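A closer look at the structure
Below, each chain spelled out in residue letters.
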Amino acid sequence: MLESLGALTGSPWIYAVVALSVLLDVFLPVLPSGVLVITTATAAAGSSAVADAAGKVSHVAHVPQEVPSLLVLMVCAAVASVIGDFVMYRLAWRGGDRLARAIARSRRLTTAQERLGASLTGGGILVVIARFVPAGRSVVSLSAGAAHRKMKEFLPWSALAAVAWTGYSVGLGYFGGQWLGSSWFGIAVSVLALFAAGTVAAYIVRRPADRRDGGRAQVPASAV
């Protein structure tokens, strides 16, 4: 039931569209890159189901070849995610004093920058969790570059975050398509699951800051 997207998902161009969307998502968080990844994976699930059914009916039946490859989809999305993070990181690194002043005026960016430094020192898990938060990827990459964090501290965690997010999104689309059918309902349920993960990730990211503010009154004073 994805006729409107069948031509695109059945074409090799879908990988370029997904990669471009994921790459630009760090600059324009409103881009529906997650929805696009899920939709493509759902189409792959539907196409593989049709191919299996055709094979059972007749061993000589022609099986359509325009089935999106989940492996290629994951590689394209993950690589594009890392490249986008790196570009944002480098642009923020070169932003200089003007960017530092802009961050200082934003409470959200200032807090993210402080927490990012502590997280990278302790393992960088915040980078992975923030990848699931809407616009979290943008804030983390911007803050890491503006704070002149070392690339070896940031980029490996960015790659891990890209693999985790891509694997989760592709898994939602594929298994949602297998269980609920290659339909708009299946896509909607998978997208809701992605948003649910973002909500949980946002709660995890904010929770330590709330505790620190409540338990250490001197931290906000030193940050000002």
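Predicted, not measured: the structure shown is a model, and the values here were computed from it.

What follows concerns the overall build of the protein chain. For the protein chain, the count of helices and strands is 11 helices and 0 strands. Shown N-terminal to C-terminal, the secondary structure of the protein chain runs as helices and strands in the order α-α-α-α-α-α-α-α-α-α-α. When each of the 224 residues of the protein chain is scored for burial, the buried share is 41%. Here the contacts in the protein chain between residues at least 6 apart in sequence split such that 80% fall between residues at least 24 apart.

Within the fold, Val17 resides in helix H2 (residues 13–25). For Val17, a relative accessible area of 33% corresponds to the partly exposed category. On a C-alpha basis, the gap between Val17 and Ser33 in space is 9.3 Å, while along the polypeptide they are 16 residues apart.

With 13 residues, H2 ought to run about 18 Å at 1.5 Å a step, and its terminal C-alpha atoms sit 18 Å apart, in line with that. Among the residues of H2, Ile14, Tyr15, Val18, Ala19, Ser21, Val22 and Asp25 are the ones counted as buried. Viewed end-on, H2 has its buried residues packed into an arc of 165°, placing them on one side of the element. Residues of H2 that are exposed and point over 90 degrees away from its buried face: Trp13 and Leu20.

Conventions used here
- Residues numbered from 1 in each chain as written.
- Predicted model: local features only at pLDDT ≥ 70, side-chain atom pairs only at ≥ 80, totals over all residues.
- Heavy atoms only, no water.
- Helix = DSSP H or I, 4+ residues; strand = E, 2+ residues; numbered from the N terminus.
- Buried < 20%, exposed > 50% of the residue type's maximum accessible area, 1.4 Å probe, protein only.
- Contact = heavy atoms within 4.5 Å.
- Expected span 1.5 Å × (residues − 1).
- Arc of directions from axis to C-beta.

Shape is all these values report; function is a separate question.
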